[in-house]
Amino acid sequence: MKLTKYTHACVRLEKEGGVLVLDPGSFSESAEALSGAHAVLVTHEHADHLDAKAVVEALQGSQHLELHAPAGVAEQLRQEAPGAADRIHAVDPGSSFQAAGFDIRSFGGQHALIHPQIPMVANIGFLVDQNVYHPGDSFIIPDGITVQTLLVPLHAPWSKSAEVVDFVIGVRAPRAFQIHDGLLNDNGLGIVEGHVKRIGAKYGTEYRHLAPRESVEV
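About the cut-offs
- Residues numbered from 1 in each chain as written.
- Predicted model: local features only at pLDDT ≥ 70, side-chain atom pairs only at ≥ 80, totals over all residues.
- Heavy atoms only, no water.
- Core = buried A, V, L, I, M, F, W, Y, C linked by side-chain atoms within 4.5 Å.
- Buried < 20%, exposed > 50% of the residue type's maximum accessible area, 1.4 Å probe, protein only.
- Helix = DSSP H or I, 4+ residues; strand = E, 2+ residues; numbered from the N terminus.
- 1 Å grid on protein atoms, 1.4 Å probe; cavity = no way out; pocket = protein on both sides within 12 Å on 5 of 7 lines; lining within 4 Å.
- Points joined across faces, edges and corners; volume = space filled by probe spheres on them.
- Pairing = 2+ DSSP bridges.
- Axes fitted to C-alpha atoms, helices over the stretch in contact; angles between N-to-C directions.

The name recorded for the chain in an unreviewed UniProt entry is L-ascorbate metabolism protein UlaG (Beta-lactamase superfamily), from Pseudarthrobacter defluvii.

Following this line, the structure appears as structure tokens:
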């Protein structure tokens, strides 16, 4: 499949004419990523992963676009796009379904802790075609499967570099690309990616940086 990285946490997957978009958020080129999409997966409700305006416009602009998200996100979008309510689906952890011709499995269920005084929200990690894993805002390692392509949240208010590296080590995917890098300048990006690339390689993971709009075959 073809994987296209957009700014921050959004990726677009294309295979045999099917187009699947994950986490089109407010930091990303959401409208561009959603153009021509057949399905959208949203990991959680935070705006950097869900540009609600762009997603609602996409749902209203296509009679065929389907969306899968945690229950709270699904309900919010049904209210904002009532004409598309039957195409908006709630996802629980541990489920399997098809979207845009891709096989999807869901993992996790909870956003990583930011602070005890900040309420937790639901977060679903998605594995696509037994290949690409997008964890959203979590370091949940999928159980019972082998990930081929890991999308690594490089930096967030809820993480530290040691946790990022340990996530890569724990999943041990053959290849990895970055997501959740929209808050880093070039200096910070270089430091974190250096750790991930160097230490990940010891455990069999080849890490590569993707520029916004860059595409690779996975």
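So, about the nonpolar core. Ranked by size, the top nonpolar core spans 24 residues in total, and within it V21, L34, V42, V55, L59, L67 and L77 carry the most contacts. Among the elements of the structure, β3 (18-22), α1 (30-34), α2 (52-61), β5 (66-69) and α3 (71-80) are those that each provide at least two residues to this core.

This structure, assessed with the given rule, holds one cavity of 30 Å³ or more. If you add up the space inside the largest cavity, you get close to 30 Å³. As for the largest cavity, its lining consists of H46, H111, A112, I114, H115, I118, P119, M120 and V121.

To continue, consider the sheet that holds β5. The strand order across the open sheet built from seven strands is β6-β5-β4-β3-β2-β1-β14, with neighbouring strands paired in mixed fashion. Each edge of the sheet is formed by a strand with only one pairing partner; in this case those strands are β6 (88-90) and β14 (215-217). Neighbour-to-neighbour, the strand axes of this sheet turn through a mean angle of 20 degrees, independent of strand direction. Relative to β6, β5 runs parallel, the two being bridged by three bridges.

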